[in-house]
Amino acid sequence: MSPRQITVLGECVADAFVEPANASHELALRVLPGGGPANTAVALARLDTPARFLARLSGDVFGRLFRAHLEASGVDLSYAVVAAEPSTLAVAELDATGQAAFSFHAQNTADWQWTPGELARVDLSETACVHTGSLALVREPGGAAVEEFLAAAAPRATISIDPNVRPLLVRPEVYRARLAHWCALADILRLSEDDLELLLPGTPPEQACDIWHAAGARLVVITLGADGALASLDGERLRVPAVATRVVDTVGAGDSFTAGLLHHLDARGLLGGRLADLGLDEVAEACRFGTRVAALTCSVAGPNPPWRNQLAQLAAAGGA
């Protein structure tokens, strides 16, 4: 039987949400643990998929918050690095629809300092899938070490990548220059419609899927917000509708969708290789499950993925 653990590599960010203050000259912030890869690891663990998170966690107040949050959700931190550098801070302002605009405080912070030595000691013998992406994959000096780690992991594990483009920190052309290489490493590429517009401006989603298939990715999934998701497996395509829900904010929704997708594939023994046994019906089921996980994440404040029992309640109720 193939190993079930999913290993997630990437950043954990302090998401500071702007809230009403007591006076006009004050600014109130509510800080929650976030960061795309960390959100995905938490969501996987809460769905009862064994999840290990490879992170560089600072010893500062935010780093202690991250560690407590991850461990309380059941995430394995046995290979997390105790970092001397400070944590990354993202300040989020929400618009009327719950969409967040971020400003980042990320210069020389812990998340981007990966070294080949830190990653070389990681044992992947029990790992069915390695998921990464976002800023840790593209910011230097650690981005190159993460790419090398993926190349070394690929012969033994399914590789999943979410570019999660953050143009305020890294120019989109930097992502574009690396994306074909990532597709050559990846079995699964999951991204949002906002990512698509930044990576291939003006390109229809179906055409983008074909471009990324040609570069090497077998399964491409583009999440389309309220319009659900488009999935393409070697060029065979389907669309899955979103689950109706009352949206508080959309922070972490894409990360939760990815967790739901990977959880569903893993539970059916489809991870651990090059997706050779994966068919379009299984892709549709996995995407439908991912939309339910994302809907529940949107129904609460911040990146707070649901627990497995909440998914069962949603299924029983027939919606969100």
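For the structure, check the block above.
Right, let's walk through the structure included here. (Residues numbered from 1 in each chain as written. Predicted model: local features only at pLDDT ≥ 70, side-chain atom pairs only at ≥ 80, totals over all residues. Heavy atoms only, no water.)

What follows is about the overall build of the protein. Of the regular secondary structure elements, the protein holds 10 helices and 14 strands. The C-alpha atoms of the protein give 18 Å as radius of gyration, which agrees with the globular expectation for 320 residues (20 Å, within 12%). Along the longest, intermediate and shortest principal axes, the C-alpha atoms of the protein span 60 × 45 × 40 Å. Counting across all 320 residues of the protein, residues that qualify as buried make up 56%. The long-range share in the protein, meaning contacts at least 24 apart out of those at least 6 apart in sequence, stands at 71%. For the protein, the centre of its 24 positive side-chain charges and the centre of its 37 negative side-chain charges are spaced 3 Å apart. (Helix = DSSP H or I, 4+ residues; strand = E, 2+ residues; numbered from the N terminus. Rg over C-alpha atoms; globule rule 2.2 N^0.38 Å. Buried < 20%, exposed > 50% of the residue type's maximum accessible area, 1.4 Å probe, protein only. Contact = heavy atoms within 4.5 Å. Lys, Arg positive; Asp, Glu negative; His and termini not counted. Charge placed at Lys NZ, Arg CZ, Asp CG, Glu CD.)

A few words on the packing of aromatic side chains. Per the stated rule, a full pass over the model turns up 1 aromatic pair. Relative to W182, the ring of Y175 has its centre 6.3 Å away and its plane inclined at 85 degrees; by these criteria the two rings are edge-to-face. Neither Y175 nor W182 differs from the other in exposure class; each is buried. (Phe/Tyr/Trp six-rings, centres within 6.5 Å; stacked < 30°, edge-to-face > 60°.)

It is worth spelling out a nonpolar patch on the surface at this point. Side chains of V18, L27 and L29 sit close together on the surface and give an oily, nonpolar patch of about 260 Å² of accessible area. Position of L27 among the secondary structure elements: in the loop between β2 (13–19) and β3 (28–34). (Patch = residues over 30% accessible without salt bridge, like charges linked within 9 Å, V, L, I, M, F, W, Y side chains within 5 Å. Areas by Shrake-Rupley, 256 points an atom, 1.4 Å probe, with all protein chains shown as cover. Salt bridge = Lys/Arg side-chain N within 4 Å of Asp/Glu carboxyl O.)

Once that is clear, we can look at the pairing of strand β10 (residues 158–162). The buried fraction of β10 amounts to 5 of the 5 residues, a majority that puts the element mostly inside the structure. Side-chain alternation along β10 places T158, S160 and D162 on one buried face and I159 and I161 on a second face that is also buried. Sheet topology note: the strand β9 (residues 127–133)/β10 ladder contains 5 bridges and is parallel. Note that in β10 the partner of G133 across the bridge is D162. The parallel pair β9 and β10 is bridged by helix α4 (residues 143–153), and the resulting crossover is right-handed. Direction of pairing for β10 relative to strand β11 (residues 188–192): parallel, over a ladder of 2 bridges. Looking at the pairing, I161 lines up with L189 of β11. (Pairing = 2+ DSSP bridges. Right-handed = clockwise from strand over helix to strand, strands pointing away.)

Take a negative patch on the surface next. Taken together, the side chains of E193, D194, E197 and D227 make up a negatively charged region of the molecular surface. Of note, D227 is situated in the loop between β12 (219–223) and β13 (229–233).

Working definition of a disulfide: a covalent bond connecting the sulfur atoms of two cysteines. A full pass over the atoms with the stated rule returns 0 disulfides. Sulfur of C209: no disulfide; nearest cysteine sulfur belongs to C183 and is 10 Å away. Residue class for C209 comes out buried when judged on its relative accessible area of 0%. Of all cysteine sulfurs, the one in C209 lies closest to C287, which takes part in no disulfide; the gap is 11 Å. (Disulfide = S-S within 2.5 Å.)

Here the focus is the sheet that holds β3. With mixed pairing, the 4 strands of this open sheet are ordered in space as β3-β2-β7-β8. Looking at strand neighbours, the two that pair on one side only are β3 and β8 (100–105), the edges of this open sheet. Here the average twist between neighbouring strands, direction ignored, is 30 degrees. With 5 bridges joining them, β2 and strand β7 (residues 88–94) adopt parallel strand pairing. Looking at β7, one finds that A16 is bridged to V91. Lying over the sheet, helix α2 (residues 61–72) contacts β2, β3 and β7, oriented at roughly 50 degrees with respect to β3. (Axes fitted to C-alpha atoms, helices over the stretch in contact; angles between N-to-C directions.)

With the rule as written, the count across this model stands at 12 salt bridges. Between E147 and R178 there is a salt bridge; the shortest N-O distance is 2.6 Å. One end of the pair, E147, is in helix α4; the other, R178, is in helix α5 (residues 172–185), with 31 residues separating them in the sequence. One salt bridge connects D162 with R190, and the closest N-O pair in it is separated by 2.9 Å. Pair noted here: D162 is in strand β10 and R190 is in strand β11, with a separation of 28 residues, a long-range link. Given a relative accessible area of 3%, R190 falls into the buried group.

The strand order across the open sheet formed by 8 strands is β4-β1-β9-β10-β11-β12-β13-β14, and the pairing between neighbours is mixed. Each edge of the sheet is formed by a strand with only one pairing partner; in this case those strands are β4 (51–54) and β14 (236–240). Strand-to-strand twist of the sheet, defined as the mean angle between neighbouring strand axes without regard to direction, takes the value 15 degrees.

The next thing to look at is helix α8 (residues 253–267). For α8, built from 15 residues, the straight-helix expectation of 21 Å at 1.5 Å per residue is met to within 8% by its first-to-last C-alpha distance of 21 Å. α8 sits mainly inside the fold: 13 of its 15 residues count as buried. (Expected span 1.5 Å × (residues − 1).)

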